[in-house]
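Chain by chain, the residues run as shown.
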Amino acid sequence: MCLNTLDIFVIAAYLAGVTLFGLRFRGQPRTLKNYFLADNTIPWWAISLSIVAAETSTLTIISVPGLAYDKDFRFLQLVVGYLIGRAIVAFIFIPQYFRGELVTAYQLIERRFGQRLRSLTAGMFLLTRAAAEGVRVFAVAIVVRVALASLLSGLSDFERDLSAIAIVTLLTLVYTFEGGMAAVIWTDVVQLAIYLTGTAVAFFTILHLVPGGWETVRTVAGQADKFHALDLTWNLTSTYTLWSGVIGGAFLSTASHGTDQLIVQRLLSARSERQSKIALLFSGVAIFFQFSLFLLIGTMLFVYYSLFPPSVAFVRTDTIFPSFVVTSMPHGISGLLISAILAAAMSNLSAALNSLSSTAIVDFYARLRPRSTEARRVRLSRLATIGWGVILFGLALLARHGGKVLEMGLSIASVAYGSLLGVFLLGILTRRASEQGAMMGMAFGFALNLYLWLFTTVAFTWYVVLGCLTTFLVGYACSRLMPGETPSTHVLNVVEGNHA
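Residues numbered from 1 in each chain as written. Predicted model: local features only at pLDDT ≥ 70, side-chain atom pairs only at ≥ 80, totals over all residues. Heavy atoms only, no water.

**Student:** Any chance you could explain the overall build of the protein here in plain terms?
**Tutor:** Tallying secondary structure elements over the protein gives 19 helices and zero strands in all. Here the C-alpha radius of gyration of the protein, 22 Å, is about what a compact globule of 500 residues would show, namely 23 Å. With the principal axes as the frame, the protein shows a C-alpha extent of 70 × 55 × 40 Å. In the protein, which comprises 500 residues, the share counted as buried stands at 60%. (Helix = DSSP H or I, 4+ residues; strand = E, 2+ residues; numbered from the N terminus. Rg over C-alpha atoms; globule rule 2.2 N^0.38 Å. Buried < 20%, exposed > 50% of the residue type's maximum accessible area, 1.4 Å probe, protein only.)

**Student:** What is the right way to look at the packing of aromatic side chains in this model?
**Tutor:** Aromatic ring pairs are reported here in terms of the distance separating the ring centres and the angle at which the planes meet. One pass over the structure, following the stated rule, counts 26 aromatic pairs. Relative to Phe36, the ring of Tyr35 has its centre 5.1 Å away and its plane inclined at 70°; by these criteria the two rings are edge-to-face. Summarising the burial analysis for this pair, Tyr35 and Phe36 share the class buried. Measuring from ring centre to ring centre gives 6.0 Å for Tyr69 and Phe302, while their planes differ by 75°; the resulting arrangement is edge-to-face. Taken as a pair, Tyr69 in helix H4 (residues 58-70) and Phe302 in helix H12 (residues 273-307) lie far apart in primary sequence, 233 residues in all. Its relative accessible area of 18% is what places Tyr69 among the buried residues. With relative accessibility at 19%, the residue Phe302 sits in the buried group. Aromatic ring contacts, followed pair by pair, group Tyr69, Phe302, Tyr304, Tyr305, Phe308, Phe314 and Phe324 into a single cluster. (Phe/Tyr/Trp six-rings, centres within 6.5 Å; stacked < 30°, edge-to-face > 60°.)

**Student:** What is the right way to read the pattern of salt bridges from this model?
**Tutor:** As a working rule, side chains carrying opposite charge can pair if their charged atoms are close by. In total, this model carries eleven salt bridges according to the counting rule given. Of the charged contacts, one joins Arg74 and Asp231 as a salt bridge, the two residues approaching to 3.2 Å between their closest N and O atoms. Placement of Arg74 in the loop between H4 and helix H5 (76-97) and of Asp231 in the loop between helix H9 (213-223) and helix H10 (242-258) is noted, with a sequence separation of 157 residues between them. By relative accessible area, Asp231 is classed as buried at 10%. Bridged by salt links that share partners, the residues Asp72, Arg74 and Asp231 form one connected network. (Salt bridge = Lys/Arg side-chain N within 4 Å of Asp/Glu carboxyl O.)

**Student:** Would you mind going over H5 with me for this structure?
**Tutor:** When the terminal C-alpha atoms of H5 are compared, their 30 Å separation across 22 residues agrees well with the 32 Å that a helix rising 1.5 Å per residue should span. Its axis deflected by about 40° at Ala90, H5 carries its strongest bend there. (Expected span 1.5 Å × (residues − 1). Bend = angle between axes of the 7 residues up to and from the residue.)

**Student:** Any chance you could explain the environment of Phe93 here in plain terms?
**Tutor:** Within the element layout of this structure, Phe93 appears in helix H5. Each C-alpha atom, one on Phe93 and one on Val415, is 21 Å from the other, the two residues being 322 residues apart in sequence. If we skip the residues at most four places from it in the chain, Phe93 touches Ile88, Thr254, Gly258, Thr259, Leu421, Phe424, Leu425 and Ile428. (Contact = heavy atoms within 4.5 Å.)

**Student:** Before we go on, may I ask you to explain the nonpolar core in this structure?
**Tutor:** Here is a general trend for soluble globular proteins: nonpolar side chains tend to be buried in one another's company. Ranked by internal contacts, the top residues of the largest apolar core, which has 154 residues, are Phe75, Tyr97, Phe291, Leu301 and Leu342. The dominant element in this core, judged by the number of residues it contributes, is helix H14 (residues 333-368), at 18 residues. Leave out the neighbours within four places in its chain, and Phe291 touches Thr60, Val64, Phe75, Leu76, Val79 and Tyr82. (Core = buried A, V, L, I, M, F, W, Y, C linked by side-chain atoms within 4.5 Å.)

**Student:** Can you help me understand the environment of Gly213 in this one?
**Tutor:** Relative to the helices and strands, Gly213 resides in helix H9. Spatially, the C-alpha atom of Gly213 lies 42 Å from that of Arg129, the residues being 84 residues apart in sequence.

**Student:** Looking at this structure, how should I read unusual backbone geometry?
**Tutor:** Most peptide bonds are trans, and most residues other than glycine sit at a negative phi. Phi at Ala38 is positive, roughly 55°, even though this residue is not glycine. You can see Ala38 is positioned in the loop between helix H2 (32-37) and helix H3 (44-54). Despite not being glycine, Asp225 shows a phi value in the positive range, around 60°. Relative to the helices and strands, Asp225 resides in the loop between H9 and H10.

**Student:** Before we go on, may I ask you to explain the packing of helix H17 (residues 435-455) against helix H18 (residues 463-481) in this structure?
**Tutor:** For any two helices packed against each other, one specifies the crossing angle of their axes together with the interaxial distance. At their nearest, the axes of H17 and H18 sit 7 Å apart, and the two run at 150° to each other. Taken together, H17 and H18 sit at an angle that is classed as roughly antiparallel. For the pair H17 and H18, the crossing hand works out as right-handed. Taking contact as the criterion, the partners of Gly437, Ala438, Met440, Gly441, Met442, Phe444, Gly445, Leu448, Asn449, Leu452 and Trp453 in H17 are, on H18, Tyr463, Leu466, Gly467, Thr470, Thr471, Val474, Gly475, Cys478 and Ser479. (Axes fitted to C-alpha atoms, helices over the stretch in contact; angles between N-to-C directions. Parallel < 35°, antiparallel > 145°, perpendicular 65-115°, else oblique. Left-handed = near helix turned anticlockwise from the far one by under 90°.)

Okay, here's the thing in structure tokens:
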């Protein structure tokens, strides 16, 4: 089987519909706050669903089932850490962000340390977020290559990847460019509903196709130990253990939701500090159930293909779920599920475009050109969105030569997260840390994580822990030992003040 005309129609209708829906929010934003924070008019439940959608990319939907198919449920240990990290962000970071008028996370760093460190942290976000997002955008090509194999049979693999990435990037760019954060969040809500509905349909379809239904799934998967979720071993090279999950996942989530503009921008769009906290905590519960569903899908696919082996063995686990959708789902439903996977891609991409644009304009251009008008800044924000779209398109093509997309994307992000989180904790938890000391700590933390990533077999789940601790300890020690300024009372009090 392959997709037919009905499936193609469903996919085309989805792409056109979600783009037109996003364009409903087009207008003429007069301020950066309007364009990047939607004037703080978004309700908590929409922000919460948008957070879930923003961190659920195509690579999540196709790779997490692949993890369960290949291994078991141990990935859930990492998700438990995600819940802990969200609680830390809600009660330590969010109160800091709501003291004053902030648009980006890195303005907080300037208020505590100074402009040099703000530029360094913002620059690191731009580089690593773009690299990680390129991997996520490439995941779209994996899906389209499998789904439209018959239609694109005359093209090379590179040409198929190029076409898939270009279509999704262009359509997402249209509504993100026009509507800003309001368009991003509300299209996120719609796309979340689409891909969760599609995943639920896949669940019941697999259950129907497996002879004996759930009883067979439970028996076969149980015999293969597919429901195994706990690994109590202490091993820094093992990616998913209880300790790397709870400790590493907590640090990773604290960094991604407390220092990454992709998520912080959504938290800052809330109507109040209280609503921001509720949105973040609720998203953690939703993420746990969502990942459980994805893992269950992978386990059920393991049972299905144990009973009905594929004619050609799977080369990579990332292709298993898309292949099942194309070859075994009823027509129309196949189109819906491919649309669901594309929905996750567009949701994540729109979030990345908006956050990269906001950081480039607010943390760099607006600081270098303080007398520029709001109208000019908004115009440049839109142009920056286009520029980042082009950059991510190019990085997605480069990501074709990587390995498993989920772990590759998380690894790239984790390399920077350690030093970023260490700097933020130095600013929030200590009064003695200086800008110069924090920069030294950041350099050591980033260098350590780069070494771990490139030259060791240490699992990526430990990168943020080790990088953060190194940054914090070295930064604090250098602040005490190196001659130079310590933060003045003015700098400490300005966190309460009005420097935006």
